[in-house]
Amino acid sequence: MRVTIAGSGDAFGSGGRFQACTHIAPSHAPAILIDCGTTSLTALRSLDLDPGEVTLVAVTHLHGDHFGGLPFLILDGQFRRRATDLRIIGPPGTRRRLTETMEALFPGSSTVTRRFRTVIDEIAPDETLSVPSHGLHIEAHPADHSAGAPALSLRLTLANRTLAFSGDTAWTPGLPEVAADSDLFLCEGYTWGRKVPGHLEVTDLVNNRETLTTRRLLLTHPSPDVLDQQATLPFELASDGTTVDIADSRPPSDPRRPPSHLT
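Here the structure is a predicted model, which means the values were calculated and not measured.

Asks: Got a minute to help me understand the pairing of strand E7 (residues 128-131) in this structure?
Replies: Sheet faces and side chains relate simply in a regular strand, where the side chains alternate between the two faces. Taken together, the four bridges between E7 and strand E8 (residues 136-142) define a ladder with antiparallel strand orientation. Of the residues in E8, the one forming a bridge with Leu-129 is Ile-138. Between E7 and E8, which follow one another and run antiparallel, lie four residues, and Gly-135 among them has a positive phi close to 60 degrees.

Asks: Looking at this model, I keep getting lost on the packing of aromatic side chains. Mind explaining?
Replies: Given two aromatic rings, one states the distance between the centres and the angle between the planes to describe the pair. Under the criterion given, the structure shown has one aromatic pair. Ring plane angle 85 degrees and centroid distance 5.6 Å describe the contact between Phe-72 and Phe-106, whose orientation is recorded as edge-to-face. With Phe-72 in helix H3 (residues 70-79) and Phe-106 in the loop between helix H4 (94-105) and strand E6 (118-122), the pair connects residues that are 34 residues apart, well separated along the chain. Lying over the aromatic face of Phe-116, Arg-82 brings its terminal NZ or CZ to 5.4 Å of the ring centre.

Asks: How do you make sense of the nonpolar core when you look at a structure like this?
Replies: Counting residues in each nonpolar core, the largest one holds 26 residues, and the members touching the most others are Val-3, Ile-24, Leu-136, Ile-138, Leu-156, Leu-163 and Leu-184. Listed by contribution, the elements that provide at least two residues to this core are strand E1 (2-7), strand E3 (31-34), strand E4 (54-58), E8, strand E9 (152-158), strand E10 (161-165) and strand E11 (184-188). Among all residues touching Leu-156, those that are not within four sequence positions of it are Ile-24, Ile-34, Leu-136, His-137, Ile-138, Arg-161, Thr-162, Leu-163 and Phe-165. Val-59, Leu-62, Ile-88 and Leu-98 belong to the second largest nonpolar core, which has 25 residues in total.

Asks: Can you help me understand the pattern of salt bridges in this one?
Replies: Opposite charge on two side chains lets them pair, provided their charged atoms get close. Under the criterion given, the structure shown has 13 salt bridges. With its nearest N and O atoms 2.7 Å apart, the salt bridge here joins Asp-245 to Arg-2. You can see Asp-245 sitting in strand E14 (residues 242-245) and its partner Arg-2 sitting in strand E1, a full 243 residues away along the chain. Its relative accessible area of 41% is what places Arg-2 among the partly exposed residues. Residues Arg-95 and Glu-122 are paired through a salt bridge, measuring 3.6 Å at the closest nitrogen-oxygen approach. Of the two residues, Arg-95 is situated in helix H4 and Glu-122 in strand E6; the sequence distance between them amounts to 27 residues. Under the relative-accessibility criterion, Arg-95 is labelled partly exposed at 42%. When salt bridges with common partners are traced through the structure, they connect Arg-45, Asp-76 and Arg-80 into a single cluster.

Procedures and definitions
Residues numbered from 1 in each chain as written. Predicted model: local features only at pLDDT ≥ 70, side-chain atom pairs only at ≥ 80, totals over all residues. Heavy atoms only, no water. Pairing = 2+ DSSP bridges. Helix = DSSP H or I, 4+ residues; strand = E, 2+ residues; numbered from the N terminus. Phe/Tyr/Trp six-rings, centres within 6.5 Å; stacked < 30°, edge-to-face > 60°. Lys NZ or Arg CZ within 6 Å of the ring centre and 35° of its normal. Core = buried A, V, L, I, M, F, W, Y, C linked by side-chain atoms within 4.5 Å. Buried < 20%, exposed > 50% of the residue type's maximum accessible area, 1.4 Å probe, protein only. Contact = heavy atoms within 4.5 Å. Salt bridge = Lys/Arg side-chain N within 4 Å of Asp/Glu carboxyl O.

Take a look at the structure:
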C-alpha cells in the first residue's frame with residue numbers, strides 16, 4: 001500500500017503546510033483517509049489524489065484541522081455526481097457535530113438527497129471496529145486532548161500491516177501500545193522545549209523512545225519552533241506529499257526492536 005501524508009501541518013498553516021490528512025491507498029481495496037482537515041481537498045488535488053475515490057474517512061477528533069474538511073468532501077461528491085457511498089468513522093459526537101458544521105457552513109446541506117449515502121459510525125475509546133468491505137480493523141485508544149468530544153489515537157490493521165496515528169494528544173501511557181510493532185507511526189510532535197496542554201512535545205518522545213517499537217516514526221503537526229529546528233530533530237519529520245510504500249510482507253526481524261532511526 002502507499003501512504004501519502006497530504007497534510008502534515010498544525011491548525012494554523014505553520015510553514016505553509018496543509019492541515020492533517022493522510023491518504024492510504026491499499027493495493028486491492030478502496031482509498032482511505034485518516035483525518036480530513038479543512039484544507040484537505042486542496043491538499044489532495046495538489047498531489048493528484050482524487051477525493052472522489054476516497055470511500056472511508058477515520059477521524060481522530062473533532063477539531064477543524066482534523067475534521068473540518070468533511071463537509072467539503074461530501075459536497076464535492078454531490079456536485080461531481082459521486083455514486084459510491086462514503087463511510088465516516090469518528091469519536092462519539094461525530095454525527096451531531098458534522099450536521100451542525102454543514103449547516104453552519106452551507107445551510108440546508110445536511111438534509112439534501114444525494115446519489116450516495118454518508119454512513120457514520122461512532123467509536124469510543126477502548127472500542128474496536130471491523131470494516132470487512134475494506135479489510136480494515138480499527139482500534140480506538142484514548143487520547144489526552146480537549147475537543148468537546150472524546151479524542152482518539154488510532155491503530156489500523158489493513159492488508160496484514162499496521163498503521164498507527166497518535167492524533168493530537170499529550171503523552172499518555174497508552175501510546176506505546178498504539179505504536180507497538182506498527183509498520184508506520186504518524187505521531188504528533190507539536191512543540192520542542194515548551195509544553196502546550198493536550199499536545200506532544202518532542203522531548204516526550206525522546207524520553208520514551210525505547211517504548212515506541214514502531215518500524216518507522218514520522219513526526220507531524222509541527223509548530224514554528226519545531227520547524228525552526230528541523231536540522232537537529234531527533235526524529236524524521238513528515239512534509240506535505242511525503243509518501244511511504246509498505247510492502248505486502250515484512251522482512252524477518254525482531255518485532256520488538258526499534259527501527260534504526262530510533263536507536
